[in-house]
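Okay, here's what each chain looks like letter by letter:
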Amino acid sequence: MELKFRVAARIAKPVHEVFEAVADPAQLSHYFTTGGAQGRLATGATVTWDFHDFPGAFPVHVIEVVEDATIVLEWQASEGKAHNVAGSEPKDADYRTRVTMSFKALDDGRTLVEIAEEGWRENQGALSASYGNCQGWSQMLCALKAWLEHGINLRAGMYV
């Protein structure tokens with residue numbers, strides 16, 4: 001069994017505009033990172049993302065960026081509440097998962113965004129954490145679409 005997933009959405013904006021909404025920390029902070037993003041997504045960079053619903057800023061390691069096409073990230077794996085003795089927040093594991101975002105211009109002027117994440121260990125805690133991340137990336141795509149197409153921040157006030 002290999003723990004991985006892929007989510008996708010079509011955004012009614014040109015590929016460069018959609019790519020920049022993810023790569024630019026100022027834009028990402030408007031609709032996704034509820035606590036803010038620090039640092040542009042560029043090959044070799046380590047940036048910081050903060051979420052009000054997942055306390056504490058954490059590092060995101062940028063493995064590769066191909067403008068208007070691909071962003072590959074790695075971040076600390078979590079193995080979910082099942083492996084946290086205290087039973088509160090998810091426990092970080094000693095490895096990273098890999099997130100690959102792809103951006104494809106469609107013939108109708110929209111952009112197809114696909115986000116895949118993989119690399120969890122095969123245990124119940126990691127399976128639970130992968131479900132949470134799948135939900136999070138699905139929400140990110142919905143928030144990206146609402147922000148770019150309508151100027152609405154779907155995550156504002158959602159978690160706090």
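Before going into details, it helps to say that this report is about the structure given with it. (Residues numbered from 1 in each chain as written. Predicted model: local features only at pLDDT ≥ 70, side-chain atom pairs only at ≥ 80, totals over all residues. Heavy atoms only, no water.)

A few words on the packing of aromatic side chains. The tally for this structure, following the rule as stated, stands at eleven aromatic pairs. With a centroid separation of 6.3 Å and 70° between ring planes, the pair formed by W49 and W137 is classed as edge-to-face. One end of the pair, W49, is in strand β3 (residues 46-51); the other, W137, is in helix α3 (residues 124-150), with 88 residues separating them in the sequence. Take W49 and W137: they sit in the same class, and that class is buried. An aromatic cluster is present here, built from F32, W49, F51, F58, W75 and W137 joined pairwise through their rings. (Phe/Tyr/Trp six-rings, centres within 6.5 Å; stacked < 30°, edge-to-face > 60°. Helix = DSSP H or I, 4+ residues; strand = E, 2+ residues; numbered from the N terminus. Buried < 20%, exposed > 50% of the residue type's maximum accessible area, 1.4 Å probe, protein only.)

Attention now goes to the environment of A69. In this fold, A69 is placed in the loop between β4 (54-66) and β5 (70-78). The partly exposed category is assigned to A69, whose relative accessible area is 24%. Along the chain, A69 and A105 lie 36 residues apart, while their C-alpha atoms are 8.9 Å from each other. Excluding residues that lie within four positions of it along the chain, A69 makes contacts with F19, M101, S102 and F103. (Contact = heavy atoms within 4.5 Å.)

Of all the nine residues making up helix α1 (residues 15-23), seven are buried; the element is thus mostly covered by neighbouring parts of the structure. Of the residues making up α1, those classed as buried are V15, V18, F19, E20, A21, V22 and A23.

With that settled, consider the nonpolar core. Taken as a class, soluble globular proteins show a tendency for nonpolar side chains to be buried jointly. In terms of nonpolar packing, the biggest core is built from 43 residues, with W49, W137 and L144 touching the most fellow members. With nine residues, α3 is the single largest residue contributor to this core. Not counting chain neighbours up to four residues away, the residues in contact with W137 comprise F5, V7, F32, W49, W75, V99, M101, I115 and E117. (Core = buried A, V, L, I, M, F, W, Y, C linked by side-chain atoms within 4.5 Å.)

Another point: unusual backbone geometry. Residues other than glycine predominantly adopt negative phi, and peptide bonds predominantly adopt the trans conformation. A positive phi angle is found at D68, which is not glycine, with a value near 65°. With respect to the helices, strands and loops of the structure, D68 is situated in the loop between β4 and β5.

What follows deals with the pattern of salt bridges. This model, assessed by the stated rule, comprises nine salt bridges. Linking R6 and E114 is a salt bridge whose minimum nitrogen-to-oxygen distance equals 3.0 Å. Separated by 108 residues along the polypeptide, R6 in strand β1 (residues 4-11) and E114 in strand β7 (residues 111-118) bring together distant segments of the chain. Residue R6 is classed as exposed on the basis of its relative accessible area, which comes to 52%. (Salt bridge = Lys/Arg side-chain N within 4 Å of Asp/Glu carboxyl O.)

All right, on to the pairing of β1 then. Successive residues of a regular strand alternate their side chains across the two faces of the sheet. Here β1 shows a buried face lined by F5, V7, A9 and I11 and an unburied face lined by K4, R6, A8 and R10. Summarising the sheet, β1 and β7 pair through eight bridges and their orientation is antiparallel. Counterpart to K4 in the pairing with β7 is E118. (Pairing = 2+ DSSP bridges.)

Our focus in this paragraph is the side chain of E74. Within the secondary structure, E74 sits in strand β5. When its relative accessible area of 16% is taken as the criterion, E74 is described as buried. Polar side-chain contacts of E74 include one of 2.7 Å to the side chain of R98. (Polar contact = N/O pair within 3.5 Å; in protein donor to acceptor, adjacent residues only side chain to side chain.)

Right, let's talk about α3 for a bit. With 27 residues, α3 extends 39 Å between its outermost C-alpha atoms, agreeing within 8% with the 39 Å of an ideal straight helix rising 1.5 Å per residue. By the burial criterion, the buried members of α3 are G125, A126, L127, A129, S130, W137, M140, L141, A143, L144, A146 and L148. Directly after α3, the chain includes G151, whose backbone phi takes a positive value near 70°. (Expected span 1.5 Å × (residues − 1).)

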